[in-house]
Amino acid sequence: MCKVIMSESEKNLGFVLYNHLYSRKSKDFTTVDLIPEMKKYSLNFTQKELQKEIDTLVDNGTVSQRVGHYTFVDN
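Now for a quick tour of the structure. (Residues numbered from 1 in each chain as written. Predicted model: local features only at pLDDT ≥ 70, side-chain atom pairs only at ≥ 80, totals over all residues. Heavy atoms only, no water.)

With that settled, the discussion passes to the overall build of the protein chain. Counting its regular elements, the protein chain contains three helices and three strands. Ordered by position from the N terminus, the helices and strands of the protein chain form the series α-β-α-α-β-β. A total of 75 residues make up the protein chain; the buried ones form 29% of that total. Once local pairs closer than 6 in sequence are excluded, the contacts in the protein chain between residues at least 24 apart make up 45%. (Helix = DSSP H or I, 4+ residues; strand = E, 2+ residues; numbered from the N terminus. Buried < 20%, exposed > 50% of the residue type's maximum accessible area, 1.4 Å probe, protein only. Contact = heavy atoms within 4.5 Å.)

See below:
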């Protein structure tokens, strides 16, 4: 793994979110779980904005939607 420094991480939420999900210990999550976790990257997004990015990950098969939560698919 390498460290990536971004000057404008707000414009790259999808990239930051994917890498964060990949590095989490638990592959199961909710949007409520992720909001405070994104703050460690100095990202303050609403649940709606985060949901939009998660929907994109669901559409491309990176995230699987479950009842009451999501699962990151680590292929």
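Further remarks concern unusual backbone geometry. Positive phi is not limited to glycine here, since Ser42 has a value of about 60 degrees. Looking at where Ser42 falls in the secondary structure, it is placed in the loop between α2 (31-38) and α3 (47-59).

All right, on to the pattern of salt bridges then. Overall, the coordinates contain one salt bridge when judged by the stated rule. A salt bridge links Arg24 to Glu37; the shortest N-O distance between them is 2.9 Å. Residue Arg24 is located in the loop between α1 (13-23) and β1 (28-29), and its partner Glu37 is located in helix α2; the two are separated by 13 residues in the primary sequence. Given the relative accessible area of 22%, Glu37 is considered partly exposed. (Salt bridge = Lys/Arg side-chain N within 4 Å of Asp/Glu carboxyl O.)

Next up on the list: the environment of Asp74. The topology assignment puts Asp74 in the segment after β3 (70-72). Judged by its relative accessible area of 44%, Asp74 is partly exposed. Taking the C-alpha atoms as reference, Asp74 lies 9.3 Å from Leu21; in sequence the two are 53 residues apart.

This part is about α3. Across its 13 residues, α3 extends 18 Å between first and last C-alpha, which sits within 8% of the 18 Å expected from 1.5 Å per residue. Among the residues of α3, Leu50, Ile54 and Leu57 are the ones counted as buried. Buried residues in α3, looked at end-on, bunch into an arc of 50 degrees, giving them a common side. Exposed residues pointing more than 90 degrees away from the buried face of α3 are listed as Lys48, Lys52 and Asp59. One or two steps after α3, the chain reaches Gly61, where phi turns positive at roughly 85 degrees. (Expected span 1.5 Å × (residues − 1). Arc of directions from axis to C-beta.)

This paragraph deals with the sheet that holds strand β2 (residues 63-65). The antiparallel open sheet is built from three strands, whose spatial order is β1-β3-β2. Only two strands of the sheet have a single neighbouring strand rather than two, namely β1 and β2. Sheet strands in contact with α3 are β1, β2 and β3, and its direction is about 60 degrees off that of β3. (Pairing = 2+ DSSP bridges. Axes fitted to C-alpha atoms, helices over the stretch in contact; angles between N-to-C directions.)

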